[in-house]
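Now for the letters of each chain:
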Amino acid sequence: MEKSLLALMKKGGLILYGRHGAATVGVDQPYGTFHSCQNQRNLSEQGRREAVYFGQMLRYWQIPILSPIATSPFCRTIETARLAFPNYDVQIVPFLYDINKLGGDLPSSEQTRILIALSSMLEIIPPQGMNSVIIGHSFPRDVGLGILPDMGTVVIRPKGPGQGYDIVKKLTLEDLAKIDSI
């Protein structure tokens with residue numbers, strides 16, 4: 001991580017894929033609705049602090065962020081986005097729910113479908129001078145963007161529709177705080 005990463009992020013044209021902040025212990029209840037946070041793991045107090053800090057760091061470093069912030073339909077991702085970016089619109093992207101399925105026992109055709117849809121999303125170049133933010137979930141090891149810590153972020157350089165994308169860097173929340181000095 002060098003100052004060039006900070007300069008690249010300030011220039012824009014990237015996607016910042018962040019995992020939600022720390023969640024409560026437990027599991028999401030099967031057959032629950034996304035409209036009822038009572039049936040889901042939600043942000044813990046630590047997760048709320050992480051989400052606020054994440055947004056503060058991006059503002060501190062003057063990294064331009066495009067509105068709306070894309071999130072999965074889970075309450076913990078929506079709350080993360082709203083706490084990190086209180087003055088931005090939040091757009092719920094139902095497809096991002098599918099990332100949670102990747103850790104389960106899926107037929108390979110379903111896993112392939114999810115990863116192709118994810119790739120299509122990560123190939124979209126944001127408007128000049130701006131970065132897109134997606135708040136979603138971690139992935140299984142060696143699948144998609146891989147395992148992400150709470151509020152971990154993957155900096156992605158999209159190449160355009162059908163052209164793929166590059167992973168520029170994976171950052172922890174602590175890395176983001178010291179991005180100019182590492």
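Provided above is the structure to which this section pertains.
Residues numbered from 1 in each chain as written. Predicted model: local features only at pLDDT ≥ 70, side-chain atom pairs only at ≥ 80, totals over all residues. Heavy atoms only, no water.

Further remarks concern the pairing of strand β4 (residues 132–136). The element β4 is largely enclosed, with a buried count of 5 among its 5 residues. Residues Ser 132, Ile 134 and Gly 136 of β4 are buried on one face, and the alternating residues Val 133 and Ile 135, pointing to the opposite face, are buried as well. As paired elements, strand β1 (residues 15–19) and β4 share 5 bridges and run parallel to each other. Bridge pairing links Arg 19 to Gly 136 in β4. In the sheet, strand β2 (residues 69–71) pairs with β4 via 2 bridges, with the strands oriented parallel. Opposite Ala 70, over in β4, you have Ile 134 as the bridge partner. (Buried < 20%, exposed > 50% of the residue type's maximum accessible area, 1.4 Å probe, protein only. Helix = DSSP H or I, 4+ residues; strand = E, 2+ residues; numbered from the N terminus. Pairing = 2+ DSSP bridges.)

The next point concerns the side chain of Ser 44. Mapped onto the elements, Ser 44 comes out in the loop between β1 and α2 (45–60). Classification of Ser 44 by relative accessible area gives buried; the value is 18%. When sequence neighbours within four positions are dropped, the list of residues in contact with Ser 44 reads Ala 22, Ala 23 and Thr 24. (Contact = heavy atoms within 4.5 Å.)

Tallied over the full model, the rule gives 7 salt bridges. A salt bridge links Arg 113 to Glu 110, with the shortest nitrogen-to-oxygen separation between them at 2.8 Å. Residue Arg 113 and its partner Glu 110 are located together in helix α5 (residues 108–122), separated by 3 residues, close to a single helical turn. In this structure, Lys 159 engages Asp 166 in a salt bridge whose closest nitrogen and oxygen atoms are separated by 3.3 Å. One salt-bridge network, held together by shared partners, links Asp 98, Lys 101, Glu 110 and Arg 113. (Salt bridge = Lys/Arg side-chain N within 4 Å of Asp/Glu carboxyl O.)

Among the secondary structure elements, Leu 106 is positioned in the loop between α4 (98–101) and α5. Distance in space between the C-alpha atoms of Leu 106 and Ile 15 is 27 Å, their sequence separation being 91 residues.

Bringing the packing of α2 against helix α3 (residues 75–84) into the picture now. Two numbers describe how α2 lies on α3: the axes approach to 7 Å, and their chain directions differ by 45°. Taken as axis vectors, α2 and α3 run oblique relative to one another. The two elements α2 and α3 cross, and the hand of that crossing is right-handed. Residues Arg 48, Ala 51, Val 52, Phe 54, Gly 55 and Arg 59 of α2 touch α3, and the partners they reach there are Glu 79, Thr 80, Leu 83 and Ala 84. Taken together, the residues of the contact of α2 with α3 sort by class into 5 nonpolar, 2 polar and 3 charged. (Axes fitted to C-alpha atoms, helices over the stretch in contact; angles between N-to-C directions. Parallel < 35°, antiparallel > 145°, perpendicular 65-115°, else oblique. Left-handed = near helix turned anticlockwise from the far one by under 90°. Nonpolar A, V, L, I, M, F, W, Y, C, P; charged D, E, K, R; others polar.)

Further remarks concern the packing of aromatic side chains. Tallied over the entire structure, the rule returns 5 aromatic pairs. Seen in terms of ring centroids, Tyr 17 and Phe 139 are 5.6 Å apart; in terms of plane orientation they differ by 50°. Their pairing is tilted. You can see Tyr 17 sitting in strand β1 and its partner Phe 139 sitting in the loop between β4 and β5 (153–158), a full 122 residues away along the chain. Residue Tyr 17 is classed as buried on the basis of its relative accessible area of 0%. On the numbers, 6.0 Å between centres and 85° between planes, the contact of Phe 54 with Phe 85 is edge-to-face. A residue pair is termed long-range when its members are at least 10 positions apart, and Phe 54 in helix α2 and Phe 85 in the loop between α3 and β3 (90–92) qualify at 31 residues. When sorted by exposure, Phe 54 lands in the same class as Phe 85, which is buried. Taken together through their ring pairs, the aromatic side chains of Phe 54, Phe 85 and Tyr 88 make up a single cluster. In this structure, Arg 76 packs its charged tip against the face of Phe 74, placed 4.5 Å from the ring centre. (Phe/Tyr/Trp six-rings, centres within 6.5 Å; stacked < 30°, edge-to-face > 60°. Lys NZ or Arg CZ within 6 Å of the ring centre and 35° of its normal.)

Turning our eyes to something else, we now look at α5. Along its 15 residues, α5 runs 21 Å from first to last C-alpha, staying within 8% of the 21 Å computed at 1.5 Å per residue. Elements that come into contact with the buried residues of α5 comprise β1, α4, β4, β5 and β6 (165–171). (Expected span 1.5 Å × (residues − 1).)

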